[in-house]
Amino acid sequence: MPEYRGLTKDEEEVWFAYILFTRQLAAGMERQLAGSGVSGADYQMLAPLAEAGPSGMRARDLGRSAGWDRSRLAHQLRRMEERGLVSREPAHDDARGILVHITQAGRAALRAAAPGHIEWVRENFLEVMTPEERRMLVELSSRVMAKLEPDSPS
């Protein structure tokens with residue numbers, strides 16, 4: 001059995017700062033979006049679907065873009081479909097595949113939520129970093145993700 005190694009003070013400071021930072025950022029984003037009637041999970045689905053255009057996206061690709069497992073994705077899409085934000089249909093070229101499309105109501109919800117959300121992201125995240133720090137964060141995130149999921153596309 002490998003010998004137990006605790007975190008150094010520096011390592012502990014970095015780790016807990018990261019944990020607190022991501023929790024606070026996620027909670028703040030949810031509070032900001034709450035007034036628009038769109039949750040963070042809704043936004044995570046609607047934004048890439050809007051980018052995908054009329055052809056929609058395969059559910060598995062949408063799930064990958066959010067980093068979600070199949071079960072969470074299925075539950076979220078069901079709730080969004082019940083609210084009229086998305087529609088699902090079988091993929092024509094794959095009997096097991098599902099295509100997801102953003103509806104007019106989904107586009108309207110995204111249009112209503114996006115300006116406030118983008119401003120919140122700028123004010124509370126992007127503007128507190130220099131351009132160099134933002135590039136460093138992207139590079140660091142890429143390295144961590146490559147370590148955690150080496151077979152995933154970046």
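Just above, that's the structure.
Everything quoted here is computed from the prediction, not taken from an experiment.

(A) Layout of helix 3 (residues 59–66). Among the residues making up helix 3, those that are buried are Ala59, Leu62, Gly63 and Ala66. Looking down the long axis of helix 3, one finds its buried residues gathered within 100 degrees of arc, a one-sided arrangement. The elements touched by buried residues of helix 3 are helix 2 (40–52), strand 1 (57–58), helix 4 (70–82) and strand 3 (98–102). Downstream of helix 3 by a residue or two, glycine 67 has a phi angle that is positive, lying close to 75 degrees.

(B) Representation of the nonpolar core. Of all hydrophobic cores here, the largest spans 23 residues; its most connected members are Met45, Leu46, Leu62 and Leu77. Of all the elements in the fold, those that place two or more residues in this core are helix 2, helix 3, helix 4, strand 3 and helix 5 (104–124). If you tally residues by element for this core, the top one is helix 2, at five residues. Those residues in contact with leucine 77, other than ones at most four positions away along the chain, are Met45, Ala59, Leu62, Val86, Arg88 and Val100.

(C) Focus on the environment of glutamate 30. Its place among the elements puts glutamate 30 in helix 1 (residues 9–34). Along the backbone, glutamate 30 and tryptophan 120 are 90 residues apart, and their C-alpha atoms lie at a distance of 11 Å.

(D) Geometry of the environment of arginine 60. Here arginine 60 lies in helix 3. Each C-alpha atom of the pair arginine 60 and valine 100 lies 9.7 Å from the other, and the pair is 40 residues apart in sequence.

(E) Highlighting the packing of aromatic side chains. Under the counting rule described, the total for this entry stands at two aromatic pairs. Arranged with centres 6.3 Å apart and planes meeting at 20 degrees, the rings of phenylalanine 21 and phenylalanine 125 form a pair that is stacked. With phenylalanine 21 in helix 1 and phenylalanine 125 in the loop between helix 5 and helix 6 (131–148), this pair connects stretches of sequence that are 104 residues apart.

(F) Summary view of the environment of alanine 95. Within the secondary structure, alanine 95 sits in the loop between strand 2 (86–90) and strand 3. For alanine 95, a relative accessible area of 80% puts it in the exposed group. Along the chain, alanine 95 and alanine 113 lie 18 residues apart, while their C-alpha atoms are 34 Å from each other.

About the criteria used
- Residues numbered from 1 in each chain as written.
- Predicted model: local features only at pLDDT ≥ 70, side-chain atom pairs only at ≥ 80, totals over all residues.
- Heavy atoms only, no water.
- Buried < 20%, exposed > 50% of the residue type's maximum accessible area, 1.4 Å probe, protein only.
- Helix = DSSP H or I, 4+ residues; strand = E, 2+ residues; numbered from the N terminus.
- Arc of directions from axis to C-beta.
- Contact = heavy atoms within 4.5 Å.
- Core = buried A, V, L, I, M, F, W, Y, C linked by side-chain atoms within 4.5 Å.
- Phe/Tyr/Trp six-rings, centres within 6.5 Å; stacked < 30°, edge-to-face > 60°.

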